[in-house]
Amino acid sequence: MKKSFIAGIAAVSLAALGFVAAPANAATNDDSKCGTAGLICIGVVTDIGHVTDKSFNQAAWEGAQAGAKAVGGVANYIESNAATDAEYGNNIALFAAKKYNVIVTVGFLEANATVAAAAKYPDIKFIGIDQFLDTTKTTPNLAGLNWHEDQAGFIAGYLAGYMTKSGKTGAVVGLNIPPVYRYAVGFANGVAYAGKEQGKKFPASKIIYHPAGDNAFSDPAFGAANSAQLLSQGYDVIFAAGGGTGNGGLARIAKTKGKYCIGVDVDQWGTVPEAQPCLITSAEKLIGAGTADQIAKVKAGTFTGGNVYGNVGIAPYHTFASKIPASVQAKVTAITKKILSGSLATGVK
Amino acid sequence: MKRFNIKIWQLLLTIALLAIWIYSYIANTDITNSVVASGMRFGMPLALAAMVGIMCERSGVINIGIEGTMLLSGFTGFYIASWSKNIVVGLLVAILTGVLTSFVHAMMTIQWKMDQIIAGTIINILASGLTSFLYKEGSTIPNSWPIFDIPLLGRLPFIGHAFFTQQGPIQYLGLLLIPAIWVMMYKTRWGLRTRAVGENPGSADTAGVSVIKVRMINVMIGGAIGGLVGGFICLELVGSFSKEFTAGSGFTALALMIFGRWNPMGAFAAAILFGLAQALSTQLQIFGVTNIPNQFITMLPYVFTIVVLAVSAGKVRPPAAAGRSYEKEQA
């Protein structure tokens, strides 16, 4: 504890030199009693971006608040200003210095800094969101919170299978890396499953990957042009998944009447408002719930560390709630339960 | 002076492409239309971005800051459109931003005679840093430029559906703008002066053409087009701003400009060719060609472009004075 305190002091002096940001909302939640036995203090270190980003950071922060409320603890956040290990590390150190006992880091970019900090502060529990850990190299006070993307994709695909009129569905996605592959193939399998259930033989859902390159997730024009190509060939439900690339697809699909699009990761109703005319749902990682769940485990003493999995689901239908038949909604709810319980496999390896 | 240096291979390539087009049009009209239209969608932003390069280099100024110009213009265009709730204002601001950015480039390269590559790099770095730093999530514009069909033209057989339907106004504008630039470059006094300044500024100066003025104006017209592309992507094609949305297209555009031999129509053809390759790669994925790894399929447009470049380009000759600042000789 003492060692960590000294490290914290060091970090704070670094901060004084102008390297790190001060806690953004230190005043909104009193952390002066952190360190007293039994009090859970949760610090969220965001990735670049704000806790109002309607995406990962916001979901994690809401989860931390919900978790804090449930265990009667304290929650605060620091917004990172740069995507560097030094920035993340310094922000983590600020919380450590104030004797926080749970630190949540958001996004795979923070993985290195989180692994290092977990080794440095063995008394603090770390929750790394969207960080798949090599558990042979990490300490037991660190949990990497992940999601089964294929399950989220499958549920979204199942809904797509009931919403398509032409039977033609597709996915415009980022680079073919494991999480993207799981989303896309899960989606295709979900569509096929829904088709089989209705006694229809749908053509296989088409997956269009972005070519390799550092622009794979920031190429909205690619997403838009590819979605348009699918639309013009009668594809009427399209899953657009992959950062800016996917968002470009969503926005383009929204411009064509009578077509549906599905977002990814978080409820994109908020993150890509221009997609609202077509956005029936988003294949979602339940980040807030997963985070709150881990905090509850810390309180209960059942926190295990290692790779843990949160639940997935699909986002609210918003205005489409009135357009998606109630019978379909009921089926989607039922299939979600089956998928989450493991009684139905997605067929994605 | 020959404007279309059509060589035999170019003719063959064109005939081959036309033959493939006609064949597939007969075989499956809908898919062919869809692929060609998609090629246009992929190609038009690149073609317009290549025009920026042509405007600048034809007058003797290298501009590798196209990427940054587009990024900055897309940024200001989008946020102003979001703030004013008016996409017309947004587009105008995007164009204005392009002009201002290129004005900076013009001042650095023409007036202060800085190294042109470095000046362009500065603009790229500045644009990338500034737009990332000022970026704010969740802003929206009331609507993006709508897509529509052009009456009559859209119903033309063969080309109508692919070129004149389901696109936005700036996409259509590009179809007018690029030939217009070609006409201006080769058929007007201004074009002659521009080319003279780009090839031999000393002679142009002797003939009474103000090298500095011609260059300044051309670079800024180029900037306006760059701004238009930024606005095109953010306000029409996509409808939102995302960080680094240009995704390297400013540099691809430079390659297409060289491929098109600094000729507006040539660069346009090159961009459409690249766009078509991209659309075909997508179509292969839609056809569900699963026995070829998709990494290979997604690579094809690039391989195709490199092959076509290697086979066809031969020796290209940039404007002779491109990249060199003009110093008046001492009397």
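Criteria and cut-off values
- Residues numbered from 1 in each chain as written.
- Chains lettered and ligands numbered in written order.
- Predicted model: local features only at pLDDT ≥ 70, side-chain atom pairs only at ≥ 80, totals over all residues.
- Contact = placed C-beta atoms within 7 Å.
- Helix = DSSP H or I, 4+ residues; strand = E, 2+ residues; numbered from the N terminus.
- Nonpolar A, V, L, I, M, F, W, Y, C, P; charged D, E, K, R; others polar.
- Pairing = 2+ DSSP bridges.
- Axes fitted to C-alpha atoms, helices over the stretch in contact; angles between N-to-C directions.
- Expected span 1.5 Å × (residues − 1).
- Buried ≥ 20, exposed ≤ 12 C-beta atoms within 10 Å, placed from the backbone.
- Core = buried A, V, L, I, M, F, W, Y, C linked by C-beta atoms within 7 Å.
- Domains from an automatic or database assignment.
- Parallel < 35°, antiparallel > 145°, perpendicular 65-115°, else oblique.
- Left-handed = near helix turned anticlockwise from the far one by under 90°.

### Brief notes about the interface of chain A and chain B
Phase 1 of the analysis: Every contact between the two is made by 35 residues of chain A and, on the other side, 34 residues of chain B.
Phase 2 of the analysis: Elements that contribute at least two residues to the side of chain A that touches chain B include exactly β7 (206-208), α7 (220-232) and α8 (243-254) of chain A.
Phase 3 of the analysis: Looking at the side of chain A that touches chain B, the element that brings in the most residues is α7 of chain A, giving 9 residues.
Phase 4 of the analysis: Here the residues of the side of chain A that touches chain B sort into 15 nonpolar, 13 polar and 7 charged.

### Some remarks on the sheet that holds strand β5 (residues 142-147) of chain A
All names here are of chain A.
Phase 1 of the analysis: Reading across the sheet, the 6 strands line up as β2-β1-β3-β4-β5-β11 and stay open at both edges, with parallel pairing between neighbours. Each having just a single partner strand, β2 (74-78) and β11 (306-310) make up the two edges of the open sheet. Taking each pair of neighbouring strands and ignoring which way they run, the sheet shows an average axis angle of 25°.
Phase 2 of the analysis: Judged from the 4 bridges that link them, strand β1 (residues 41-45) and strand β3 (residues 102-106) form a sheet pairing that is parallel. Each bridged residue has a counterpart across the sheet, and for V44 the counterpart in β3 is V104.

### A word on helix α3 (residues 85-97) of chain A
Owing to its 3.6 residues per turn, the α-helix brings residues three or four apart onto one side.
Residue and element names in this part refer to chain A.
Phase 1 of the analysis: With 13 residues, α3 ought to run about 18 Å at 1.5 Å a step, and its terminal C-alpha atoms sit 18 Å apart, in line with that.
Phase 2 of the analysis: A large share of α3 lies buried, amounting to 10 of its 13 residues.
Phase 3 of the analysis: By the burial criterion, the buried members of α3 are E87, Y88, G89, N90, N91, I92, A93, L94, F95 and A96.
Phase 4 of the analysis: K99 occupies a position one or two residues after α3 and carries a positive phi of about 65°.

### Quick notes on the nonpolar core
Phase 1 of the analysis: If you look at the biggest cluster of nonpolar residues, it comprises 142 residues, and the most contacted ones within it are A184 and C261 of chain A together with A47 and A50 of chain B.
Phase 2 of the analysis: The dominant element in this core, judged by the number of residues it contributes, is helix α2 (residues 29-58) of chain B, at 16 residues.
Phase 3 of the analysis: Residue contacts for A184 of chain A: discarding those within four places in its chain leaves G153, A171, V173, I207 and A241 of chain A.
Phase 4 of the analysis: Listed in part, the 47 residues of the second largest apolar core include L94, I103, L142 and A143 of chain A.

### Structural notes on the domain arrangement of chain A
Residues and elements named next belong to chain A.
Phase 1 of the analysis: As assigned here, chain A comprises domain 1 (2-147 + 287-311) and domain 2 (149-285 + 317-341).
Phase 2 of the analysis: The C-alpha-based centres of domain 1 and domain 2 are spaced at 32 Å.
Phase 3 of the analysis: Each residue belonging to the side of domain 1 that touches domain 2 can be placed in one class, and the counts come to 4 nonpolar, 3 polar and 1 charged.

### Some words on the packing of helix α11 (residues 249-259) of chain B against helix α12 (residues 264-286) of chain B
Residue and element names in this part refer to chain B.
Phase 1 of the analysis: Running from N to C, α11 and α12 point in directions that differ by 125°, and their axes come no closer than 7 Å. Our classification of the angle between α11 and α12 gives oblique. The two elements α11 and α12 cross, and the hand of that crossing is right-handed. Listed contacts from α12 to L256, M257 and F259 of α11 are A267, A270, A271 and F274.

### Some points on the environment of K338 of chain A
All names here are of chain A.
Phase 1 of the analysis: Turning to its location among the elements, K338 is positioned in helix α11 (residues 326-341).
Phase 2 of the analysis: Here K338 falls in the partly exposed class, since 14 other C-beta atoms lie within 10 Å of it.
Phase 3 of the analysis: In sequence terms K338 and V348 are 10 residues apart; their C-alpha atoms lie 16 Å from each other.
Phase 4 of the analysis: Once residues lying within four places of it in the same chain are set aside, the contact partners of K338 are S343 and L344.

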